[in-house]
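Observations on chain architecture
If you want the building blocks of each chain, they are given just below.
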Amino acid sequence: MLAMCNVPAFSVLQYEDYLRKRRKTMAGPLVGVVMGSKSDWGTMEHCVSTLESLGIECEVRVLSAHRTPHVAAEFAQTAEARGIEVMIAAAGGAAHLAGVVASMTTLPVLGVPMVGWSLDGMDSLLATVQMPRGVPVATFAIGKAGAVNAALCAGQILGLKHEAIREAVKRDREERRQAVLAVGDPRE
Ligand code: C2R
């Protein structure tokens, strides 16, 4: 599992110390975005573009808890060691991906239900949100709104520690406020 991150072999204590130092110096992706299929990209690109608009670097992968279970598990298990601080997982239909990711890491996992091939995404919403006690997935709205809000929420979580991201989230909120006020009378 650790081979994927090129972590040299040493004791658990040394490894934890190594991770702590690495995290301090590391400027790399802070968010891991994973989706069950390329067919989710049309929705999840709004998540990634929102992260980018906040100046948040992210990893983006298509991986499936059903079709590529071992790689999906490894991606989640090694996320913290790669410097990832928040995971976003999107899937449609029998949407188990976010739950499986959450089972493999203690990083916060934000789940985004995709509109699948039927049921307008209600299946994905319930599959993502109904996690058993003890393994949370913070679940967002179905589709594009959820994709954007998951990115903004990731920004809010990261903003607790990263000042530049905190300020970017405040700017984004102000821009959205201004955009509504700029509409004025919609008949015009
Ligand atoms: P295809 O379009 O590839 O057939 O996928 C995907 O997220 C997608 O919305 C259809 C839908 O299947 C979902 N999928 C899952 C998982 N893997 C793929 N729900 C999973 O691991 O939960």
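Residues numbered from 1 in each chain as written. Predicted model: local features only at pLDDT ≥ 70, side-chain atom pairs only at ≥ 80, totals over all residues.

1. A closer look at the environment of Ala73
Using the following cut-off: Counting from the N terminus, the helices are DSSP H or I runs at least four residues long and the strands are E runs at least two residues long. A residue pair is marked as a contact if its C-beta atoms, positioned from the backbone, fall within 7 Å.
Checked against the element boundaries, Ala73 lands in helix H3 (residues 69–77). Along the sequence, Ala73 and Val100 sit 27 residues apart, while their C-alpha atoms lie 7.3 Å from each other. Here Ala73 is in contact with Val100 and Met104, once residues within four sequence places are set aside.

2. Quick look at the sheet that holds strand S2 (residues 58–62)
Stated formally: When DSSP locates at least two bridges between a pair of strands, those strands are taken to pair. Simply put, an axis is a line fit to the C-alpha atoms, just over the touching stretch for a helix, and the angle between two N-to-C directions goes from 0 to 180 degrees.
The parallel open sheet is built from 5 strands, whose spatial order is S2-S1-S3-S4-S5. Whereas interior strands pair on both sides, the edge strands pair on one side only; in this sheet they are S2 and strand S5 (138–139). As paired strands, strand S4 (residues 109–114) and S5 are joined by 2 bridges and run parallel to one another. Considered in S5, the bridge of Leu110 is made with Ala138. Contacts from helix H5 (residues 122–129) reach strand S3 (86–92), S4 and S5, with the element oriented near 160° to S4.

3. A closer look at the confidence of the model for the chain
Applied cut-off: The pLDDT score gives, residue by residue, the confidence of the prediction method on a 0 to 100 scale.
Per-residue pLDDT for the chain averages 91, and the proportion of residues at 70 or more is 86%. Here helix H1 (residues 12–25) stands out as the element of the chain with the lowest mean pLDDT, 54, in contrast to S4, whose mean of 99 is the highest. Note that pLDDT drops below 50 for residues 1–8; the model gives that stretch 11 contacts with residues more than four away or on any other chain.

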